[in-house]
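Listed below are the residues making up each chain.
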Amino acid sequence: MRIAVYPGSFDPITNGHLDVIERASRVYDKIVVGVLSNASKKPLFTAEERVDMIKRVTGHLDNVEVDSFTGLLVDFAASKNATVIIKGLRTVADFEYEFQMALLNKALNPEFETMFMMTNSKYSYISSSMVKELAGFKGDLTGLVPCEIIEAIKEKYK
Ligand code: PNS
């Protein structure tokens, strides 16, 4: 069974993330979405809230599991019996950082392959930080994040 981990902060999950999860779930037998529970990043949502939101919007995919992790990604991936790390690429600006992380993870544990998925072009401009900035100005989030979580985001900026 081919298990892939899709790691990230997901603060919050966007339609770009969801698109990668849906497409990856058709390529691998199982996808484990790994939510980095890192307090030093001062997330808007707690790790538990982020896990719950991702579970809600991936309920239609029966081979997707969602969990949070602390520490190294390669250790989390090993604990889930994964052999693949999935990363989404939006722009060339993402590439340099992702390239460095992929090489570092390879050095830490050569058993994992990082596989890059090009984002769907209609989502290439969406990021969690842009979503938060827009939400802070009471902007319309329709089309940027799954509609099930729009209220939860608005609630944080009340
Ligand atoms: O959504 P993000 O914030 O770009 O995701 C970054 C993430 C979670 C993939 C990255 O920070 C990560 O893998 N952190 C875990 C710590 C780790 O393994 N570090 C060494 C590799 S960079």
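Worth saying up front: this structure is predicted, and the values here are computed from it rather than measured.

Chemist: Let's hear about the overall build of the protein: which residues, and what values?
Modeler: Helices and strands together make up the secondary structure of the protein, namely six helices and five strands. In sequence order, the protein lays out its α and β elements as β-α-β-α-β-α-β-α-β-α-α. At 15 Å, the protein has a C-alpha radius of gyration in line with the 15 Å of a compact globule built from 158 residues. Over its C-alpha atoms, taken along the principal directions, the protein stretches across nearly 45 × 30 × 30 Å. Burial analysis of the protein (158 residues in total) assigns 46% to the buried set. Of the contacts formed within the protein by residues at least 6 apart in sequence, a portion of 75% connects residues at least 24 apart. Just so you have it, the protein exposes about 8,800 Å², and 55% of that area is on carbon and sulfur atoms.

Chemist: So what's going on with the site of the ligand? Which residues, and what values?
Modeler: Looking at the ligand, there are 13 residues lining it, with Ser9, Lys41, Gly71, Leu73 and Asn105 nearest. In the environment of the ligand, an oxygen atom lies 2.6 Å from a nitrogen or oxygen atom belonging to the side chain of Ser9. Protein contact buries 77% of the 530 Å² of open area that the ligand shows by itself. Elements with a contribution of two residues or more to the shell around the ligand: strand 1 (3-8) and helix 4 (92-108). Taken together, the residues that form the shell around the ligand break down as seven nonpolar, four polar and two charged.

Chemist: Can you explain a nonpolar patch on the surface? Please cite residues and give values.
Modeler: Judged by side-chain polarity, Val92, Phe95, Phe99 and Leu103 come together as a nonpolar surface patch covering roughly 430 Å² of accessible area. Within the secondary structure layout, Val92 lies in helix 4. For Val92, a relative accessible area of 78% corresponds to the exposed category.

Chemist: Tell me what's going on with the side chain of Lys80, and back it up with residues and numbers.
Modeler: Of note, Lys80 is situated in the loop between helix 3 (73-79) and strand 4 (84-89). Excluding anything up to four places from it in sequence, Lys80 contacts Ile3, Val5, Val32, Glu65 and Asp67.

Chemist: Give a description of the pairing of strand 5 (residues 113-118) that names residues and reports values.
Modeler: Put simply, side chains in a regular strand alternate between the two faces of the sheet. Relative to strand 5, strand 4 runs parallel, the two being bridged by six bridges. Bridge pairing in strand 5 places Leu89 opposite Met118. Handedness of the β-α-β unit built from strand 4, helix 4 and strand 5 comes out right-handed.

Chemist: Describe in detail the pattern of salt bridges, supporting the description with residues and values.
Modeler: As enumerated under the stated definition, the model contains 11 salt bridges in all. Across the pair Glu65 and Lys80 runs a salt bridge whose closest N-O atoms are separated by 2.8 Å. One end of the pair, Glu65, is in strand 3 (residues 64-69); the other, Lys80, is in the loop between helix 3 and strand 4, and 15 residues separate them in sequence. Residue Lys106 is joined to Glu113 by a salt bridge in which the shortest nitrogen-to-oxygen separation is 2.8 Å. Several salt bridges share partner residues, and in doing so they unite Lys30, Glu65, Asp67 and Lys80 into one network.

Chemist: Talk me through the sheet that holds strand 3; I want residue IDs and the actual numbers.
Modeler: By definition, the strands of a sheet pair up through backbone hydrogen bonds, in either a parallel or an antiparallel sense. What the five strands build is an open sheet, ordered 3-2-1-4-5; its pairing is parallel. In this open sheet, the two strands that pair with only one neighbour each are strand 3 and strand 5. Averaged over all pairs of adjacent strands, the angle between their axes in this sheet comes to 30°, without regard to strand direction. With two bridges connecting them, strand 1 and strand 4 associate as parallel partners. If you follow Ala4 over to strand 4, its bridge partner there is Val84. Helix-sheet contacts for helix 1 (residues 15-27) involve strand 1, strand 2 (30-36), strand 3, strand 4 and strand 5, and the interaxial angle to strand 5 is about 120°. In this fold helix 4 packs onto strand 4 and strand 5, with an angle of close to 170° to the strand it touches most, strand 4.

Conventions we followed
Residues numbered from 1 in each chain as written. Predicted model: local features only at pLDDT ≥ 70, side-chain atom pairs only at ≥ 80, totals over all residues. Heavy atoms only, no water. Helix = DSSP H or I, 4+ residues; strand = E, 2+ residues; numbered from the N terminus. Rg over C-alpha atoms; globule rule 2.2 N^0.38 Å. Buried < 20%, exposed > 50% of the residue type's maximum accessible area, 1.4 Å probe, protein only. Contact = heavy atoms within 4.5 Å. Areas by Shrake-Rupley, 256 points an atom, 1.4 Å probe, with all protein chains shown as cover. Near = heavy atom within 4 Å. Polar contact = N/O pair within 3.5 Å; in protein donor to acceptor, adjacent residues only side chain to side chain. Nonpolar A, V, L, I, M, F, W, Y, C, P; charged D, E, K, R; others polar. Patch = residues over 30% accessible without salt bridge, like charges linked within 9 Å, V, L, I, M, F, W, Y side chains within 5 Å. Salt bridge = Lys/Arg side-chain N within 4 Å of Asp/Glu carboxyl O. Pairing = 2+ DSSP bridges. Right-handed = clockwise from strand over helix to strand, strands pointing away. Axes fitted to C-alpha atoms, helices over the stretch in contact; angles between N-to-C directions.

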